[in-house]
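Overview (structure and organization)
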Amino acid sequence: MISYEQPLNEKIRLFMRLELLMGRFQYQIADNPKPENTVAALHLLLDLYNLSARLDVKSEILKEIDRVGQSARLMLRAENADVARLDEVLERLNHHSDVLYQLRGQLGQHLKNHVFFNNLRQRSSLPGGINGFDIPLFNYWQDQAVNVRLEDLQEWGAPYVSANEAARGILNIIREFGERREEVGKDGFFQSTLEARKPYQMLRVELPGSLDCYPEISAGKQRFTLRFVNADMMADRGKQIKKDIAFTLVLCNF
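Residues numbered from 1 in each chain as written. Predicted model: local features only at pLDDT ≥ 70, side-chain atom pairs only at ≥ 80, totals over all residues. Heavy atoms only, no water.

Looking at the overall build of the protein
How we decide: Only DSSP runs of H or I reaching four residues or more are called helices, and only runs of E reaching two or more are called strands; each is numbered from the N terminus. Throughout this description, buried means an accessible area under 20% of the type-specific maximum (1.4 Å probe, protein chains only), exposed means over 50%, and partly exposed covers the range between. Pairs of residues are marked as contacts when any of their non-hydrogen atoms sit within 4.5 Å. Throughout, the Shrake-Rupley method with a 1.4 Å probe supplies accessible areas, and for residues the shown protein chains are the sole cover considered. We score Asp and Glu as negative and Lys and Arg as positive, and we do not count His or the chain ends. By convention, charge coordinates are those of NZ in Lys, CZ in Arg, CG in Asp, or CD in Glu.
Regarding its fold elements, the protein presents seven helices and seven strands. Oriented by its inertia axes, the alpha-carbon framework of the protein measures out at about 60 × 50 × 30 Å. For the protein, with 254 residues in total, the buried portion stands at 43%. Across the protein, the fraction of contacts at a sequence separation of at least 24, relative to all contacts at a separation of at least 6, is 74%. A total of about 14,300 Å² of accessible surface is found on the protein, and carbon and sulfur atoms cover 47% of it. Here the protein carries 33 positive and 34 negative side-chain charges, and the mean point of each set is 6 Å from the other.

Here you go:
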């Protein structure tokens, strides 16, 4: 099955971008990285810095931890509450909250006055701008032993690791409490409303990998539409498939 996730508000979109960038960053620095991997990791750190420079990501995560925690405590009052599961959710949230409160200042503040990192940031908007002839220090850094480069990357990325663990923890809680149902897109199209009383944060469409189509998802506060598009036409705008498509819909809210 191929899973297609769609955030339903900007906060969840932010967390999903952080999760994506950190997943790539951690991949690049794993298993004895080559110089090319460390360059890719630096580019990803620049993306993470830019992501956190626009918004106070740490504050947004802490606010969402509080919201999810309040929801969990309300759910505990229900007669049929899964007490063990909800207690585990609260324990995870408390752990992430404690870790984030130990971080000083906003996310990315530790790199704001970092000379080497700022040199990279100033050149990163130019195609091929991060290189050894414009930034000799970069050439020197690349020639250091793997363990030296790894220590630097891990130090620079450490606050983002903590933030990502918290954001990903929230996302996984929301994913775990999704409402699953089997649906059919008639002639490659499906539309449905969202219950106003439920604060949905994400929807997920699951399709068999053998299908040669993908869903274009358009979602608002009250309704969403799915348009199943032919995947064989990647060079051109895909056309809607004119056949019924069976899929699994997961509406996630907590």
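Having seen the model, we can carry on.
Quick look at the pattern of salt bridges
Stated formally: Whenever Lys or Arg places a side-chain nitrogen within 4 Å of a carboxyl oxygen from Asp or Glu, that contact is recorded as a salt bridge.
The tally for this structure, following the rule as stated, stands at 19 salt bridges. For Glu64, the salt bridge goes to Lys11, with nearest N and O atoms at 3.8 Å. Here Lys11 lies in helix α1 (residues 10-28) and Glu64 lies in helix α3 (residues 57-76), a separation of 53 residues in the sequence. With a relative accessible area of 5%, Glu64 lands in the buried category. Salt bridges sharing common partners tie together Glu5, Glu19, Arg168, Arg175, Arg180, Arg204 and Glu206.

Describing the layout of surface pockets
Where we set the bar: Using protein atoms alone on a 1 Å grid, points that fit a 1.4 Å probe yet trap it form a cavity, whereas open point sets bounded by protein on both sides within 12 Å along at least five of seven lines form a pocket; residues with an atom within 4 Å of a point count as lining. Grid points are joined across faces, edges and corners, and a volume is the space filled by probe spheres set on the points. Each residue gets one of three labels, nonpolar for Ala, Val, Leu, Ile, Met, Phe, Trp, Tyr, Cys and Pro, charged for Asp, Glu, Lys and Arg, and polar for the others, Gly among them.
For the largest pocket, the calculated volume is near 290 Å³. Leu8, Asn9, Pro199, Tyr200 and Gln201 are the residues nearest the centre of the largest pocket, which is lined by 16 residues in total. Looking at the lining of the largest pocket residue by residue, the class counts come to six nonpolar, four polar and six charged.

Notes on helix α5 (residues 115-123)
Among the residues of α5, Phe116, Phe117, Asn118 and Leu120 are the ones counted as buried. Summarising the contacts, the buried residues of α5 are in contact with α2 (35-54), α6 (136-142) and α7 (146-176).

Some words on the packing of aromatic side chains
Spelled out, the test is: The pairing test for Phe, Tyr and Trp rings, Trp by its six-membered ring, is centres within 6.5 Å, and the orientation test on the planes gives stacked under 30 degrees, edge-to-face over 60, and tilted for anything in between.
What the rule picks out here adds up to eight aromatic pairs. When the ring of Tyr49 is compared with that of Phe117, the centres are 5.6 Å apart and the planes differ by 65 degrees; the resulting orientation is edge-to-face. You can see Tyr49 sitting in helix α2 and its partner Phe117 sitting in helix α5, a full 68 residues away along the chain. The class for Tyr49 is buried, based on a relative accessible area of 10%. Taken together, a centroid distance of 4.7 Å and an interplanar angle of 80 degrees make the contact between Phe177 and Phe254 edge-to-face.

Quick notes on the sheet that holds strand β4 (residues 200-207)
Filter applied, for reference: The pairing criterion for strands is at least two bridges between them, as found by DSSP. Orientation is described by axes fitted as lines to C-alpha atoms, over the contacting stretch for helices, and by angles from 0 to 180 degrees between their N-to-C directions.
Strand order across the open sheet formed by four strands is β1-β4-β7-β2, with antiparallel pairing between neighbours. A strand with exactly one partner marks an edge of an open sheet, and here the two such strands are β1 (2-7) and β2 (178-185). Each strand axis lies, on average, 25 degrees off the axis of its neighbour in the sheet, ignoring direction. With six bridges connecting them, β4 and strand β7 (residues 245-253) associate as antiparallel partners.

What to know about the side chain of His96
With respect to the secondary-structure elements, His96 resides in helix α4 (residues 83-101). According to the relative accessible area criterion, His96 is buried, its value standing at 15%. In this view, His96 contacts Ile65, Glu165, Ala166 and Gly169; residues no more than four positions away in its chain are not counted.

With respect to the environment of Pro7
With respect to the helices, strands and loops of the structure, Pro7 is situated in strand β1. The exposure class assigned to Pro7 is buried, which follows from its relative accessible area of 10%. Residues Pro7 and Gln201 lie 194 residues apart in sequence; the distance between their C-alpha atoms is 6.2 Å. In contact with Pro7, other than residues within four places in its own chain, are Ile12, Arg13, Met16, Gln201 and Met202.

Remarks on the nonpolar core
One recurring pattern in soluble globular proteins is that nonpolar side chains are buried together. Here is the rule we go by: Side-chain atoms within 4.5 Å are what join buried Ala, Val, Leu, Ile, Met, Phe, Trp, Tyr and Cys residues into a set we call a nonpolar core.
Counting residues in each nonpolar core, the largest one holds 54 residues, and the members touching the most others are Leu18, Ile61, Leu153 and Phe254. Counting only elements with at least two residues in this core, the list comes to α1, α2, α3, α4, α5, α6, α7 and β7. Per element, the largest residue contribution to this core is eleven residues, and it comes from α7. Discounting chain neighbours no more than four positions away, the residues touching Ile61 are Phe15, Leu18, Leu100, Ala163, Ala166, Ala167 and Ile170. With 16 residues, the next largest nonpolar core counts Cys213, Ile217, Ile241 and Leu251 among its residues.

Considerations on the environment of Pro35
Its location among the elements puts Pro35 in helix α2. A C-alpha to C-alpha distance of 9.0 Å links Pro35 and Arg149, two positions 114 residues apart in sequence. With residues up to four places along the chain from it excluded, the contact list for Pro35 reads Gln142 and Arg149.

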